[in-house]
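Per-entry structural report
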Amino acid sequence: MSQAVRVVWDDRLVSYDFGPGHPLAPVRVELTMELARDLGVLDGADVIGCAPATDDELALVHSRDYIASVKEVSRTGRPDLRHGLGTEDNPAFAGVHEASALVAGATLAAARAVWSGEAEHAVNVAGGLHHAMPAAASGFCVYNDPAVAIAWLLSQGASRVAYVDVDVHHGDGVQAMFLDDPRVLTISLHESPRTLFPGTGFPHETGAEGTAVNVALPAGCGDTGWLRAFHAVVPPLLRHFAPEVLVTQQGCDSHALDPLAHLMLSLDGQRTAYAALHRLAHETAGGRWIAVGGGGYELVQVVPRAWTHLIAEALGRPVEPATPTPASWRALVEGRTRDVPPLTMTDGRDPQWRDISEGYDPADAVDRAVIATRNAVFPFHGLDPMP
């Protein structure tokens, strides 16, 4: 079991709500926390509250003008399209600043716990709003909480922070904020920008010193290919970079059931990735691991189970895949969503993958994506791009 683990939660985090019909429905995090609670996962966690991020903390990565704009929209509920508020993706709503600042504050609470040594790992499933830009909302994201936390870590004296983003969408906002900062290594594994928002995240986007890493995977990629790509890129770079803290964005919209994207991972493939990141945190970052949520739009079948597995993994007590979901939680799901809840904590898959060192197939689209990334980035770090 891991040392002290903080799970950051405040019931007010569900106020980050763009309204009925929006894909980013807050019920997904509510159901996650209730599933973790009902399964007993939270029994071994230190569940802590949080305060909203201050303007000065938000200004570590966002412009003051943008923060003022969000506050004005928050006060009036009126759009400000100049700053991306009032679009279909990011509807304007009264209270948007307070709700968004609380999400950022929750990730900051996780960062403080890990950096201070009060906890070894910390999790904020309500976070992961990685598309927000310095002066604009984008892709359901108003304030970029992982970037705020990374900038805060740097302000506290961290000299190397690694950020690994496994969301199906490119982590474009975090990349943009640290593109040419050699203290921050950003690695994003995502569906190819040729077929998915935000249209960025090509291998050639490396930054001046090769600290931006992008693995653009073909639509249809499943557990086997995704895990092969992950292991071909992430472990060697983290071992070389040797971060003081590992920050991970755990969007679970890479799942086959997700309605907004086209990768084909299973819940079991995703929890296999969580375990790999946990091991890498201990191997490369002295155990200091901050994990945040992210995308995930299959609100009942995927998100609650995926992130309950994430919390359990952070605690060092993984949930047995065949574990039944609790009857109390199934009743809550039916009452809150009228959807049919999943019966167990697994999709019934046993993910297997072959390491790329065993051979590279130039006819395989996943292998081509991997080699494109390794060719673009590995030489910056003195690593051999060829398997």
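Everything below is about the structure printed above this text.
Report follows, based on the coordinates. (Residues numbered from 1 in each chain as written. Predicted model: local features only at pLDDT ≥ 70, side-chain atom pairs only at ≥ 80, totals over all residues. Heavy atoms only, no water.)

1. Here's the deal with the packing of aromatic side chains
- A complete count under the given rule lists 5 aromatic pairs for this structure.
- Aromatic pair Phe-18 and Phe-93: ring centres 5.7 Å apart, planes at 85 degrees, arrangement edge-to-face. Residue Phe-18 is found in the loop between strand 1 (5–8) and helix 1 (27–38), and its partner Phe-93 is found in the loop between helix 3 (64–76) and helix 4 (96–116); the two are separated by 75 residues along the sequence. Of the two residues, Phe-18 and Phe-93, neither departs from the other in class, the shared state being buried.
- Each member of the aromatic cluster is reached from another via a ring pair, and the members are Tyr-16, Phe-18 and Phe-93. (Phe/Tyr/Trp six-rings, centres within 6.5 Å; stacked < 30°, edge-to-face > 60°. Helix = DSSP H or I, 4+ residues; strand = E, 2+ residues; numbered from the N terminus. Buried < 20%, exposed > 50% of the residue type's maximum accessible area, 1.4 Å probe, protein only.)

2. Things to note about the pairing of strand 6 (residues 212–217)
- With 6 of 6 residues buried, strand 6 is to be regarded as a mostly interior element.
- Where burial is concerned, the two faces of strand 6 agree: the one with Ala-212, Asn-214 and Ala-216 and the one with Val-213, Val-215 and Leu-217 are both buried.
- Relative to strand 6, strand 5 (residues 184–191) is paired through 6 bridges, and the arrangement is parallel. Considered in strand 6, the bridge of Glu-191 is made with Leu-217. (Pairing = 2+ DSSP bridges.)

3. Digging into empty space enclosed by the protein
- Across all of its chains, the model carries 3 cavities of 30 Å³ or more by this definition.
- Of the residues in the lining of the largest cavity, the class split is 9 nonpolar, no polar and 1 charged.
- Put simply, the second largest cavity is a space of about 50 Å³.
- Around the second largest cavity, the lining residues are Val-166, Trp-226, Gln-250, Gly-251, Cys-252, Ser-254, Leu-265, Gln-270, Ala-273 and Tyr-274.
- No other element matches the 3 residues that helix 8 (residues 267–284) contributes to the lining of the second largest cavity. (1 Å grid on protein atoms, 1.4 Å probe; cavity = no way out; pocket = protein on both sides within 12 Å on 5 of 7 lines; lining within 4 Å. Points joined across faces, edges and corners; volume = space filled by probe spheres on them. Nonpolar A, V, L, I, M, F, W, Y, C, P; charged D, E, K, R; others polar.)

4. Focus on the layout of surface pockets
- Its boundaries defined by the atoms lining it, the largest pocket holds a volume of some 220 Å³.
- As for the largest pocket, its lining consists of 13 residues, and the residues nearest its centre are Ser-192, Arg-194, Ala-216, Pro-218 and Ala-369.
- Secondary-structure elements contributing two or more residues to the lining of the largest pocket are strand 6 and helix 11 (365–377).
- In terms of residues, the lining of the largest pocket owes the most to one element, helix 11, which gives 4 residues.

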